[in-house]
Amino acid sequence: MELSTRYEPEAHEGRIYAAWDASGGFQPRADAPGGRTFTVMIPPPNVTGVLHMGHALNNTIQDVVIRHRRMCGFRALWVPGTDHAGIATQAVVEKRLFAEGKTREEMGREAFLKEVWDWCDTHGGKILEQLRRLGASCDWSRTRFTLEEDMSRAVREAFVRLWEKGLVYRGARLVNWDCKLGTAVSDDEIEYVPQKSKLWYLRYPLEGDASRHVVVATTRPESMFGDTGVAVHPDDERYADLVGKNVVLPFLDRAIPLVADDTVDPAYGTGAVKVTPGHDPADYERGHRHGLPIVNVLNKDGTLNEEAGPFAGKSREAARKEVVAQLDELGLLEKTEQIEHNVPVSDRSKTAIEPLVSEQWFVKMQPLAEPAIAAVKDGALRFTPERWSKVYLDWLENVQDWCISRQLWWGHRIPVWYDEDGVPVASRDELEPGAPHPKTGKPIVRQDDDVLDTWASSWLWPFATLGWPDRTDDLASFYPTQFLATAREIIYLWVARMVMAGYEFLDHLPAEQRCPFDVCHINATVLDAKGRRMSKSAGNGIDPIEMIEQYGADAVRFSLILLTKEGQDTKLAPDRFEQGWRFANKVWNAARFVLLSLGGERGDGTSAAAVRLEDRWILSRLATVRAEVSTALEQYHLNEAATTLYRFVWNDFCDWYVELAKPRMADEGADGAAARGTLARVLRDSLALLHPFAPYVTEVLWEALHDTLGEAGGPMLMNAAWPDGAGLAADADAEREMGVIQDLVGAVRSVRALTSIGERKPLRAVLACEDPEVRRVLDEHGASARALAHLEDYDVVATAERPARSAVGLAGSLQVFVVLGEDVDFQALSEVLARRADKVRGGLAGLDKKLSNAGFLDRADPDVVAGERERRDKLAAELALLERNLDGLEQGSAAGS
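Keep in mind that what you see is a predicted model, and the values were worked out from it rather than measured.

### A word on the sheet that holds strand β26 (residues 763-768)
Read from one edge of the open sheet, four strands run β27-β26-β29-β28, paired in mixed fashion. Here the strands that pair on one side only, and so sit at the sheet edges, are β27 (791-797) and β28 (806-811). Pairwise comparison of adjacent strand axes, ignoring direction, gives a mean angle of 20° for this sheet. Pairing of β26 with strand β29 (residues 814-819), which is carried by five bridges, proceeds in the antiparallel orientation.

### A word on the packing of helix α2 (residues 53-71) against helix α19 (residues 613-634)
Taken N-terminus to C-terminus, the directions of α2 and α19 make an angle of 120°; their axes are 10 Å apart at the nearest point. Judged by the angle between their axes, α2 and α19 are oblique. Seen from above, α2 lies across α19 with left-handed handedness. For the pair α2 and α19, the contacting residues are Val 64, His 68 and Arg 69 in the first and Ser 630, Leu 633 and Glu 634 in the second. Taken together, the residues of the contact of α2 with α19 break down into two nonpolar, two polar and two charged.

### Things to note about unusual backbone geometry
Going from Thr 384 to Pro 385, the amide bond is cis rather than trans, its omega being -10°. In this model, Ser 756 sits at a positive phi of 60°, which is unusual for a non-glycine residue. By the element assignment, Ser 756 lies in the loop between α23 (732-755) and β26. Positive phi is not limited to glycine here, since Arg 805 has a value of about 50°. As for its position among the elements, Arg 805 is in the loop between β27 and β28.

### Remarks on helix α7 (residues 149-164)
Between the first and last C-alpha of α7 there are 22 Å, a value that for 16 residues agrees with the 22 Å anticipated at 1.5 Å per step. Turning to α7, its buried residues are Met 151, Ser 152, Ala 154, Val 155, Arg 156, Glu 157, Ala 158, Phe 159, Val 160 and Leu 162.

### Focus on the pattern of salt bridges
Under the criterion given, the structure shown has 66 salt bridges. Among the ionic pairs, Glu 129 bridges to Arg 132, the shortest N-O distance being 3.1 Å. Of this pair, Glu 129 and Arg 132 both sit in helix α6 (residues 126-134), separated by three residues, roughly a single helical turn. For Asp 733, the salt bridge goes to Arg 736, with nearest N and O atoms at 2.9 Å. Remark: Arg 736 and Asp 733 occur in helix α23; sequence separation between them is three residues, near one turn of the helix. Connected via shared salt-bridge partners are Glu 157, Arg 161, Glu 164, Arg 428 and Asp 507.

### Some words on the sheet that holds strand β20 (residues 444-447)
Strand order in the open sheet formed by three strands is β19-β18-β20, with antiparallel pairing between adjacent strands. Of all strands in the sheet, those bounded by a partner on one side alone are β19 (424-426) and β20. Direction aside, neighbouring strands of the sheet carry axes that sit 35° apart on average. Bridging between strand β18 (residues 416-419) and β19 involves three bridges; their strand directions are antiparallel. Note on β19: the bridge partner recorded for Val 416 is Ala 426. Along the sheet face, α7 touches β18 and β19 and points at about 125° away from the line of β19.

### Let's talk about helix α15 (residues 491-505)
In an α-helix there are 3.6 residues to a turn, and that puts residues three or four apart on one side. In this model, α15 (15 residues) spans 20 Å end to end at C-alpha, consistent with the 21 Å of a helix rising 1.5 Å per residue. With 14 of its 15 residues buried, α15 lies for the most part within the structure.

### Points about the confidence of the model for the protein
When the pLDDT values of the protein are averaged, the result is 93; 99% of them are 70 or greater. Here residues 892-897 scores under 50 on pLDDT; set against residues more than four positions off or in separate chains, the count is three contacts.

Cut-offs applied
Residues numbered from 1 in each chain as written. Predicted model: local features only at pLDDT ≥ 70, side-chain atom pairs only at ≥ 80, totals over all residues. Heavy atoms only, no water. Pairing = 2+ DSSP bridges. Helix = DSSP H or I, 4+ residues; strand = E, 2+ residues; numbered from the N terminus. Axes fitted to C-alpha atoms, helices over the stretch in contact; angles between N-to-C directions. Parallel < 35°, antiparallel > 145°, perpendicular 65-115°, else oblique. Left-handed = near helix turned anticlockwise from the far one by under 90°. Contact = heavy atoms within 4.5 Å. Nonpolar A, V, L, I, M, F, W, Y, C, P; charged D, E, K, R; others polar. Expected span 1.5 Å × (residues − 1). Buried < 20%, exposed > 50% of the residue type's maximum accessible area, 1.4 Å probe, protein only. Salt bridge = Lys/Arg side-chain N within 4 Å of Asp/Glu carboxyl O. pLDDT = per-residue confidence, 0-100.

In structure tokens, the structure reads:
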């Protein structure tokens, strides 16, 4: 198989993915040693969704993990699927229908649902096709959808079980209402957006004494018609004589009591707050404590209802303006202040949330939360990074009942039916109108109109996708799962609820087998280059498919992992993917050299067969890297594994070993054979180690390598065994000796960089080191060292005076004096280095100031602090080298003048 001169992803990715799929390699292997299973459940993206960078990172993480475990011999299963996304999907279809002059109410429920299903069949699932482009090795034969019949059966089963245990109930409670979408939403589906607004100070006259007023401050004057009290702090002396008296609500002339409540902040506004139990969560609690009635002043569409008197029928915004204007005319508006405050907004419709009392279905959460809390505290569930366990526990330990009903049509319809008297019953099976009620025997007349919250199906995802409530072979084999990768935003929306569901519904399993996953990995958030969250509205997103088309899938995958340190968000710009693209081509070009060099005799590539220092060294490095990468992947430290591989392949293999091996390829004897065997072994193992991160390019090169070796027809790399390190041995002596040569080459290169001498211009040098072992290595391996450093010759001595017209490079105890030619202008060079030294001193002073700042050291991420200290060390070393050279250059300049 002949390789092109550069890697062209578009020429290979489609063919390779089709071959993987056709091989059956995405499905769990039946011949796994010991039958060990490893399961990952994809966080199901919305069926309306398209791939964004957060998806790309999250699914790359999952694919790296599943590919690694597959190569390690596990029966590895990655289950894909999509979420029906009740609110989002219904909104998309309703928007299209509105453009056609239609409404769902006019169409009727059945016709509207057919329209949504048709849309899903035509447009849904695009994101799964995009995941294929990324290289995701899901078992597509098991693709699930949260609204398919089997999932619906699981949802009904879960609801009925909760009903039978008294854990689900219907009641009037204050809920978050989305007026645009016409449905309740949960606390977890709200974001708080800072907005500029006004704080209006309203005067409420004292009953029986209109000359006295209690002044209340509010951001929502139109809600005053729902006021049923005014509250002050019990220790606030300004109102001590008024507690227990009534004030009169303007416009309605309704008397409402002034009550003392210790939750009131005396410093906010006037210290007196209006109590609106039907439209504010804090007031709901205050009203409950003081027995105040609940008055709802809003219709479901956000307009004011008849309780608002003369303002009934007006929108919230219009009513606000008119209420303020008329209060001002009546002398009841004391003042207005400009403020900025956080406004609760629906994360679906992006409109302001209105708290209002509504009849909804709820799940009692506290009994379900207890085993989920214990799972983390007892170690059954582990978060990485570990700090996210606190977010999980804080939510569960303060959990509120879950509002699970939504006033939508698209979703799992609540499996509750009512008889002619309105008596409800939950049922696993459909109850037809006219059928006898299972409890009362009276005719069933209707099913509940509401649907379940989308999360009420996805919390069953880890086991419903495996066949629950049936006790299937898949459920027995692949539950519990081992790894979940997801985003921080849904730790309580999804992660905590899945854990609760596992303990509640998998009651046929021992308690230690009910937690749905062993590890929950919270991946980083992908930010733009300025550190802002990417969003469609901000227009700062990066399309992963565009990046794949420009750089290739491997470049996108490898760059994302390489740039994302565990526990840190990552800033991303389109040009950052060049790093992955350059690396893929580095691997490609190194492989081309190796494949073109394997024509002669070839050794077995083991440490025992190594002939030269560089062979022993690279095989020792391979042994170490294989072990480090394996451990890092087992512990889900993906960035650490990728960084280790990047440095090994780019630096150790390509920049050092390949360069040392090139002159040996002409040798047809034992030396050439050893080099060819070592090249083949390192390339083979490197491709396998890189495969989870860069599957396409490694698969192409694996195929080419086996063709060249005459081993065509073997397993594809995705199905090959993970390197076991057989025949490799750590060789501390070889690594130490090679380190001496690398120090020499690095010191010479630093001199070339300082003096702007071409990197391949032949030079002479004097190498001074008091360590006899270092001198021995430099003497014994002089040919290799001179070739890599592009030195004509060098002398090795214990000590030496600095030769005239020389520059110095430093590496540990080794001093490298490089003799400069007559063509070097010492005066000009001295001036350049002096300016550079001044710049470095400035940078060093800035870092010293930063690192002596206790506030920075306390607040900054430890990795950031470590990075700054590393930068400081590098600058200090650079300054020492500059100053050392400046001393000699000044003498050289004086001597030449």
